[in-house]
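Spelled out, the chains give:
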Amino acid sequence: MKTDQLILGIETSCDETAAAVIKNGTEIVSNVVASQIESHKRFGGVVPEIASRHHVEQITLVLEEALRQAGVGYEGLDAIAVTEGPGLVGALLIGVNAAKAVAFAHGIPIVGIHHIAGHIYANRLIQEIQYPALSLVVSGGHTELVLLDEPGSFKVIGETRDDAAGEAYDKVARTLGLPYPGGPHIDRLAQMGSPTLKLPRAWLEGSYDFSFSGLKSAVINTLHNAEQRGEKIEPEDLAASFQASVIEVLVMKAVKAAKEYDVKQVLLAGGVAANKGLREALTEAFSQLPIELSIPPLYLCTDNAAMIGAAGSVMFEKGKRSGMDLNGNPGLDIEAF
Ligand code: KG4
Ligand code: ZN
């Protein structure tokens, strides 16, 4: 008798083609990621046309490999969870159409998943979530604080008014002449420098919103002014100063919101969750509080399909099903998906 729930997760929202099989919502049976970063590097960012083309080339191979590693056939799956949005529409469509084709051919239900819900539920692959939980989401496209009162319920209590944290990292990195994606490079430089430069922090008092565009401009101005005066700024110190400013605001707001909403757990999520400085600062801040902090391992911070399968399991249990009219939705709302 079959008792385990097996969900196939599919993720193609940006520059990784990924598929994974997740058992009972918490266990990774297989997790395959084909990254396109090398193809986009020379353009300094993700080129949507190229992303779509790579997804088309990779999707069948990645799906077959995920099933092969899991030792399961399509007939053994309970559901297919696929990233429905947000993301690049041409990229999303490849995953959505692959999911629909498999679902139709094998009579398997589909569950459309919000990409950020996936990042949040990556945490369930390391430990059970305790509700109410608060997620600090820091990715290339999003920076927000999301409250989860119960499984599969998402309420955005604060979000960025301009750039996402990852976007700011990538833009500052580009100004320093570092390759795409710049976040890991800034993180590495920051460890070697000191936060000696005075840079702004956008507190936006009375709100849980964020803003990083002023900080990004301040970094660019600091560099240009120094250049004009013929002075040299050490990139390590600039990276450390920028990173200190980003982290201070993220940590302070996460702590304040976690206390105000009296949550049991704080879940770090998104690509910038890989940041060493942020992981350390959050660990330090929450070690003083009776609130558990969950930080996913690095391979679950950047885009993958295991997280989509994990979120898929939660939404499947809640009864969510998508129809054959499922479409890629670049503007999908996490509170309403
Ligand atoms: O979650 P993700 O794949 O993007 C979206 O879903 O939007 O995150 C990608 C972002 C990029 O901006 C990248 O520079 C950043 O995560 N990132 C980092 C680090 N590793 C990746 N940012 C800072 N420090 C890192 N170690
Ligand atoms: Zn992502």
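Residues numbered from 1 in each chain as written. Chains lettered and ligands numbered in written order. Predicted model: local features only at pLDDT ≥ 70, side-chain atom pairs only at ≥ 80, totals over all residues. Heavy atoms only, no water.

> Describe in detail the domain arrangement of the protein, supporting the description with residues and values.
Domain boundaries in the protein define domain 1 (6–121 + 301–317) and domain 2 (131–295). Summarising the inter-unit geometry, the C-alpha centres of domain 1 and domain 2 are found 27 Å apart. Contacts between domain 1 and domain 2 engage 16 residues on the former and 23 residues on the latter. For the domain 1 and domain 2 pair, buried surface summed over both sides reaches about 1,400 Å², with 73% attributable to carbon and sulfur atoms. (Domains from an automatic or database assignment. Contact = heavy atoms within 4.5 Å. Buried area = accessible area lost by both parts, 1.4 Å probe.)

> Can you explain the sheet that holds strand β1 (residues 6–11)? Please cite residues and give values.
The pairing of strands in a sheet comes from backbone hydrogen bonds and takes either a parallel or an antiparallel form. Taken in spatial order, the five strands make up an open sheet running β3-β2-β1-β4-β5, and their pairing is mixed. Each of the sheet's edge strands pairs with one partner strand only, and the pair in question is β3 (27–35) and β5 (110–114). Looking at each pair of strands side by side, their axes are set apart by 20° on average, direction ignored. Pairing analysis gives four bridges linking β1 to strand β4 (residues 79–85), with the strands arranged parallel. Paired with L8 across the bridge in β4 is I80. Each of β1, β4 and β5 touches helix α3 (residues 89–106); the most contacted strand, β4, lies at about 155° to it. (Pairing = 2+ DSSP bridges. Helix = DSSP H or I, 4+ residues; strand = E, 2+ residues; numbered from the N terminus. Axes fitted to C-alpha atoms, helices over the stretch in contact; angles between N-to-C directions.)

> Can you explain the sheet that holds strand β7 (residues 143–148)? Please cite residues and give values.
Taken in spatial order, the five strands line up as β8-β7-β6-β9-β10 in an open sheet, and their pairing is mixed. Only two strands of the sheet have a single neighbouring strand rather than two, namely β8 (155–159) and β10 (292–294). Shown here is a sheet whose adjacent strand axes are inclined to one another by a mean of 20°, direction ignored. Where β7 and β8 come together, four bridges link them in antiparallel fashion. Residue pairing across strands places L145 opposite G158, the latter belonging to β8. The strands touched by helix α8 (residues 235–260) within the sheet are β6 (133–138), β7, β8 and β9 (265–269), with β6 carrying the most contacts at an inclination of about 160°.

> Hey, could you go over unusual backbone geometry for me, with residue numbers and the actual values?
The step from G85 to P86 runs through a cis peptide bond, and the omega angle for that step is -15°. Note that P86 resides in the loop between β4 and α3. Going from Y131 to P132, the amide bond is cis rather than trans, its omega being -5°. Note that P132 resides in the loop between α4 (115–121) and β6. Phi is positive for N24, which is not a glycine, with a value near 50°. Along the polypeptide, N24 turns up in the loop between β2 (16–23) and β3.

> Go over the coordination of the zinc ion (ligand 2) with me, naming the residues and quoting the values.
Around the zinc ion (ligand 2), the donor atoms from the protein are H115 (NE2), H119 (NE2) and D303 (OD), and they sit 2.0 to 2.1 Å away. Mapped onto the sequence, the donors of the zinc ion (ligand 2) take the spacing H-x3-H-x183-D. Of this pair, H115 sits in helix α4 while D303 sits in the loop between α10 (298–301) and α11 (306–317); the two residues are 188 residues apart in sequence, bridging distant segments of the chain. The same class applies to H115 as to D303, namely buried. (Donors = N, O, S within 2.8 Å, 3.2 Å for Na, K, Ca; no water. Buried < 20%, exposed > 50% of the residue type's maximum accessible area, 1.4 Å probe, protein only.)

> Can you break down the packing of helix α2 (residues 48–70) against α3 residue by residue, with the values?
With their axes 9 Å apart at the nearest point, α2 and α3 run at an angle of 25° to one another. As judged from the angle between their axes, α2 and α3 are roughly parallel. Considering only the axes of α2 and α3, their crossing is right-handed. Residues S52, H55, V56, I59 and L63 of α2 lie in contact with α3, whose contacting residues are G90, A91, I94 and A98. (Parallel < 35°, antiparallel > 145°, perpendicular 65-115°, else oblique. Left-handed = near helix turned anticlockwise from the far one by under 90°.)

> How would you sum up the site of ligand 1? Please name residues and give values.
Around ligand 1, the surrounding shell holds 18 residues, and the nearest of these are H115, G141, D170, G271 and N275. One of the side-chain nitrogen or oxygen atoms of N275 is found 2.9 Å away from a nitrogen atom of ligand 1. Within the contact set of ligand 1, an oxygen atom lies 3.0 Å away from a side-chain nitrogen or oxygen of D303. Protein contacts shield 87% of the accessible area of ligand 1, which totals 560 Å² for the unbound molecule. Of all the secondary-structure elements, those providing two or more residues to the shell around ligand 1 are α4, α5 (165–175) and α6 (183–192). Of the residues assigned to the shell around ligand 1, the class counts are five nonpolar, ten polar and three charged. (Near = heavy atom within 4 Å. Polar contact = N/O pair within 3.5 Å; in protein donor to acceptor, adjacent residues only side chain to side chain. Areas by Shrake-Rupley, 256 points an atom, 1.4 Å probe, with all protein chains shown as cover. Nonpolar A, V, L, I, M, F, W, Y, C, P; charged D, E, K, R; others polar.)

> If you had to explain the pattern of salt bridges to someone new, which residues and values would you point to?
A side chain with one charge may pair with a side chain of the opposite charge, provided their charged atoms come close. If you walk through the whole model with that rule in mind, you get 13 salt bridges. The partner of D163 in a salt bridge is K216, and the shortest N-O contact between them spans 2.8 Å. With a gap of 53 residues between them, D163 in the loop between β8 and α5 and K216 in helix α7 (residues 213–228) connect regions that are remote in the sequence. K216 matches D163 in its accessibility class, with the two residues each being buried. A salt bridge links E248 to R201; the shortest N-O distance between them is 3.0 Å. Highlighted residues: E248 in helix α8 and R201 in the loop between α6 and α7, separated in sequence by 47 residues. Of the residues examined, E248 reaches a relative accessible area of 34% and is grouped as partly exposed. (Salt bridge = Lys/Arg side-chain N within 4 Å of Asp/Glu carboxyl O.)

> Talk me through α8; I want residue IDs and the actual numbers.
In this model α8 runs 38 Å from its N-terminal to its C-terminal C-alpha over 26 residues, within 8% of the 38 Å that 1.5 Å per residue would give. Note on α8: the residue one or two positions beyond its end, D262, has a positive phi of about 50°. (Expected span 1.5 Å × (residues − 1).)

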